[in-house]
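Chain residues, written in single-letter form:
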Amino acid sequence: PHYHGRGHSRLANVLHRFYGPLAARLLQRADRVICVSDSEREALERRYPAVGAKTSVISNGVDIPRPAEPWPGADEVVLAVCRLEPYKGVQRLIEAALELPPGWRVVVVGDGSQRRELEALVRDRHAPVTFTGQLGAADRDRWYASAAVVVSMSEREAFGLTVGEA
């Protein structure tokens with residue numbers, strides 16, 4: 001599992017109270033602990049200092065997207081590929097979209113528990129934001145090929161996979 005130091009919901013934060021002692025025991029018994037980034041390693045070692053000598057970093061692999069044809073007319077796109085959960089920061093991206101020059105828009109690829117709330121915010125603010133929902137790899141890669149900018153607004157990530165894909 002990736003280590004973020006805390007959960008991304010109230011329930012996950014409650015579960016972390018039980019996870020902490022269990023994780024300490026598991027980490028103490030482990031011969032090696034592999035993290036996917038330096039930031040994950042640092043967060044883990046801050047919480048569990050005894051694990052420091054056991055940690056190594058091996059970054060996640062990233063599938064290199066196949067060359068894809070950009071979507072027609074999608075020259076001025078800011079792209080975010082993420083789950084629609086509060087810690088992913090899409091609400092901040094919607095607010096930032098209001099400052100885009102005319103003709104620019106934000107495309108958000110992904111789905112999650114916050115989708116209805118975010119769509120309502122887009123309607124209320126008249127923000128130039130489109131939600132595509134979950135897409136297959138071919139369509140997602142077309143958005144990567146179309147985007148002028150790819151962003152991640154997440155508060156925390158063990159490894160920013162979508163930035164690596166971009």
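Further up the page is the structure itself.
Residues numbered from 1 in each chain as written. Predicted model: local features only at pLDDT ≥ 70, side-chain atom pairs only at ≥ 80, totals over all residues. Heavy atoms only, no water.

A.B. asks: Could you give an account of the overall build of the chain, naming the residues involved and the relevant values?
C.D. replies: Looking only at helices and strands, the chain has 6 helices and 6 strands in total. Within the span of the chain, comprising 166 residues, buried residues form 34% of the whole. Accessible surface computed for the chain: about 10,200 Å², of which carbon and sulfur atoms make up 53%. (Helix = DSSP H or I, 4+ residues; strand = E, 2+ residues; numbered from the N terminus. Buried < 20%, exposed > 50% of the residue type's maximum accessible area, 1.4 Å probe, protein only. Areas by Shrake-Rupley, 256 points an atom, 1.4 Å probe, with all protein chains shown as cover.)

A.B. asks: So what's going on with the side chain of S146? Which residues, and what values?
C.D. replies: As for its placement among the helices and strands, S146 is situated in helix α5 (residues 137-146). Look at S146 and you get buried, because its relative accessible area is 7%. A distance of 2.7 Å separates a polar atom in the side chain of S146 from the backbone nitrogen of W71. Setting aside its immediate chain neighbours within four residues, S146 contacts P70, W71, A74 and D75. (Polar contact = N/O pair within 3.5 Å; in protein donor to acceptor, adjacent residues only side chain to side chain. Contact = heavy atoms within 4.5 Å.)

A.B. asks: For the pattern of salt bridges, give the residues involved together with the corresponding values.
C.D. replies: Scanning the model with the defined rule gives 7 salt bridges in all. Of the charged contacts, one joins E45 and R41 as a salt bridge, the two residues approaching to 3.4 Å between their closest N and O atoms. Highlighted residues: E45 and R41, both in helix α2 (residues 38-47), separated by 4 residues, approximately one helical turn. As a salt-bridge pair, E119 and R115 come within 2.9 Å of each other at their nearest N and O atoms. With E119 and R115 both in helix α4 (residues 115-125), this residue pair falls 4 residues apart, about one helical turn. Taken together, the salt bridges that share partners define one network made up of D38, R41, E42 and E45. (Salt bridge = Lys/Arg side-chain N within 4 Å of Asp/Glu carboxyl O.)

A.B. asks: Explain the environment of G110 residue by residue, including any values.
C.D. replies: Structurally, G110 can be placed in the loop between β4 (105-109) and α4. By relative accessible area, G110 is classed as buried at 1%. Along the backbone, G110 and V81 are 29 residues apart, and their C-alpha atoms lie at a distance of 5.9 Å. Once residues lying within four places of it in the same chain are set aside, the contact partners of G110 are C82, L84, R115, T132, G133 and Q134.

A.B. asks: Give a description of the side chain of E165 that names residues and reports values.
C.D. replies: Relative to the helices and strands, E165 resides in helix α6 (residues 161-165). Summary of buried charges: E165 has no salt-bridge partner, and the nearest side chain of opposite charge, R140, is 4.1 Å away. In this structure the side chain of E165 is engaged in a polar contact, spanning 2.8 Å, whose partner is the side chain of Y144. (Lys, Arg positive; Asp, Glu negative; His and termini not counted.)

A.B. asks: Report on α5, specifying residues and quantitative values.
C.D. replies: For α5, the full list of buried residues reads R140, D141, W143, Y144 and S146. Looking at the buried residues of α5, the elements they touch are β3 (77-81), β4, β5 (129-133), β6 (149-150) and α6.

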